[in-house]
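Residues per chain, in single letters:
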Amino acid sequence: MIQFQFITAFLLIVLGIYAFLAKRNLIKLILALDIIDSGIHLLLISLGYRIELNEVPTAPIYTGYETLKSPMVGPLPQALVLTSIVIGVCVLSLAIALTINAYRHYGTLDVRALRRLRG
Amino acid sequence: MTCRPRCGSDMGLIVKTSARAIIPLIGIFGAYIVMHGHLTPGGGFQGGATIAGAGILFLVSFGLDEMKKHYNKSLYSALEGIGGLVFLGAAMLGMGVAFFYNILWHNGPFFNGKPGTLLSAGFLPIMNLAVGLKVFTGLISALTAIALYRRWKS
Amino acid sequence: MKRTLAYLSLFFILGVLLYIANPNYGLVFGPGGKEWLSLRYTDNYYITHGLKEVGGMNIVTDIVFDYRGYDTIGEATVLFTAIAGAIALLRPWRGDES
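Computed from a predicted structure; not experimentally measured. (Residues numbered from 1 in each chain as written. Chains lettered and ligands numbered in written order. Predicted model: local features only at pLDDT ≥ 70, side-chain atom pairs only at ≥ 80, totals over all residues.)

**What to know about the overall build of chain B**
When helices and strands are counted, chain B shows six helices and zero strands. Ordering the α and β elements of chain B from the N terminus gives α-α-α-α-α-α. Over its C-alpha atoms chain B spans a radius of gyration of 19 Å, topping by over 25% the 15 Å that the globule rule assigns to 154 residues. Principal axes of the C-alpha set define a box for chain B whose edges measure 60 × 30 × 20 Å. Look at the contacts in chain B between residues 6 or more apart in sequence, and 65% of them connect residues 24 or more apart. (Helix = DSSP H or I, 4+ residues; strand = E, 2+ residues; numbered from the N terminus. Rg over C-alpha atoms; globule rule 2.2 N^0.38 Å. Contact = placed C-beta atoms within 7 Å.)

So this is what it looks like as structure tokens:
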């Protein structure tokens, strides 16, 4: 059967790489970085799912588990994606600070005007 | 870079009244997410981002002039450093056995109740509070610095 | 010339990734039963032993702060460095008296 989760994640990653290669505005390049991050997080989380017969899996938390008694989803990809989300936010904040300074120095947001190094 | 009449001023009476009602509720909900990090979904990073949402709502709806009266640069910078140092200090408590050893859960005085109560799970509540404080102060400092750009004197 | 080469390589990457998404010879979505015990034995260990060794009922917070605490220290350092760098870039510079 067709696995839609992985196909969507791969489409998001390739779309982000295309937007990073073909656009000229600096803000659009920053948004393309965010789209690539979202695609990778979706791919990592959908690797941890679990399918059993006649039972619906539940979240890996023991609070209120006595009435539920279902198998649990794998918790390791969720922990790694938590770290990755915070690092994505940090990269975006530094990129925005650099873009603000570049706009003030050059007067334009076009990437091709920022090519030559000036003193 | 002209400044149309929304740069340093607030956003109208309806928005200000709703923001006054909602900001304390977001703060309490964020504190609940941080404190019960070892029992329910949540933890340090998620709760810190939620409380930073309350701070951003204050900055957007009340304007920059009101924010400059309540924002103390050196205090937020010191709190961020204290958060990081408490996190490292809690990791070094069990240094006699290993670096990240959970000594408060195995044979400690304070944090070893029954699993399921609030005072359990070793150094996890301490680390949740430290990381929540660090994320909250860091995000508000960064976004206030972006809003204050080239308007230090106005 | 360079642009068509870039887009063609992008198509090639998309083709390889869609080839991987086939369950017969690639990524398998949702192993169950015996396959879960043989392919994801690390997750099984964390679920069955997490409550006794750490004491927290939330297994994800267990992993983030106790089993893999080194990664959290690295992430806290990255957060601190990025916020410090972003604030330092948005300060008044030397020849800036407007």
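Resuming the write-up.
**What to know about the environment of B:Gly83**
All names here are of chain B. Among the structural elements, Gly83 can be located in helix α4 (residues 73-91). Owing to 23 C-beta atoms within 10 Å, Gly83 belongs among the buried residues under this scheme. Between the C-alpha atom of Gly83 and that of Tyr71, which follows or precedes it by 12 residues, the distance is 18 Å. Contact partners of Gly83, with chain neighbours within four places excluded, come to Ala130, Val131, Leu133 and Lys134. (Buried ≥ 20, exposed ≤ 12 C-beta atoms within 10 Å, placed from the backbone.)

**Things to note about the interface of chain A and chain C**
Interface size, as often reported, equals the accessible area lost upon joining of the parts. Each partner contributes residues to the interface: chain A has 35 residues there, and chain C has 37 residues. Broken down by secondary-structure element, the contributors of at least two residues to the side of chain A that touches chain C are α1 (4-22) and α3 (76-106) of chain A. The element that contributes the greatest number of residues to the side of chain A that touches chain C is α3(A), accounting for 14 residues. Among the residues forming the side of chain A that touches chain C, the class breakdown is 24 nonpolar, nine polar and two charged. (Nonpolar A, V, L, I, M, F, W, Y, C, P; charged D, E, K, R; others polar.)

**Considerations on the interface of chain C and chain B**
Contacts between the two partners involve 19 residues from chain C, matched on the other side by 30 residues from chain B. For the side of chain C that touches chain B, the secondary structure elements donating two or more residues are α4 (59-67) and α5 (69-89) of chain C. When residues of the side of chain C that touches chain B are assigned to their parent elements, the largest contribution, seven residues, is made by α5(C). The class makeup of the residues in the side of chain C that touches chain B is 13 nonpolar, five polar and one charged.

**Quick look at the confidence of the model for chain C**
Residues and elements named next belong to chain C. On average, chain C scores 89 in pLDDT, and the residues at 70 or more come to 96%. Considering each helix and strand of chain C separately, the mean pLDDT is smallest for helix α2 (residues 34-39), with a value of 88, and largest for α5, with 95. Interface confidence for the predicted complex, given as ipTM, is 0.86, next to a pTM of 0.90. (pLDDT = per-residue confidence, 0-100.)

**Digging into unusual backbone geometry**
For A:Lys69, which is not glycine, the phi dihedral falls at a positive 55 degrees. Tracing the backbone through its elements, the reader meets A:Lys69 in the loop between α2 (26-45) and α3. When the 8 C-beta atoms within 10 Å are taken as the criterion, A:Lys69 is described as exposed. The phi dihedral of B:Ala121 falls on the positive side, at around 65 degrees, and the residue is not glycine. Checked against the element boundaries, B:Ala121 lands in the loop between α5 (103-107) and α6 (124-147). A tally of 30 C-beta atoms within 10 Å means that B:Ala121 is categorised as buried.

**Quick word on the nonpolar core**
Counting residues in hydrophobic clusters, the biggest one holds 45 residues, and the most contacted among them are B:Phe87, B:Met127, B:Val131, B:Val135, B:Phe136 and C:Ile63. Considering each element in turn, this core owes the most residues, 11 residues, to α6(B). If we skip the residues at most four places from it in the chain, B:Phe136 touches B:Gly48, B:Ile51 and B:Ala52. A:Phe6, A:Ala9, A:Phe10 and A:Ile13 belong to the second largest nonpolar core, which has five residues in total. (Core = buried A, V, L, I, M, F, W, Y, C linked by C-beta atoms within 7 Å.)

**A word on the packing of helix α3 (residues 41-53) of chain C against α4(C)**
Residues and elements named next belong to chain C. Look at α3 against α4: their axes get within 10 Å of each other, and the N-to-C directions meet at 85 degrees. Viewed along their axes, α3 and α4 adopt a mutual orientation that is roughly perpendicular. Contacts from Tyr46, Ile47 and Gly50 of α3 reach α4 at Ile59, Asp62, Ile63 and Tyr67. Per-class residue counts for the contact of α3 with α4 are five nonpolar, one polar and one charged. (Axes fitted to C-alpha atoms, helices over the stretch in contact; angles between N-to-C directions. Parallel < 35°, antiparallel > 145°, perpendicular 65-115°, else oblique.)

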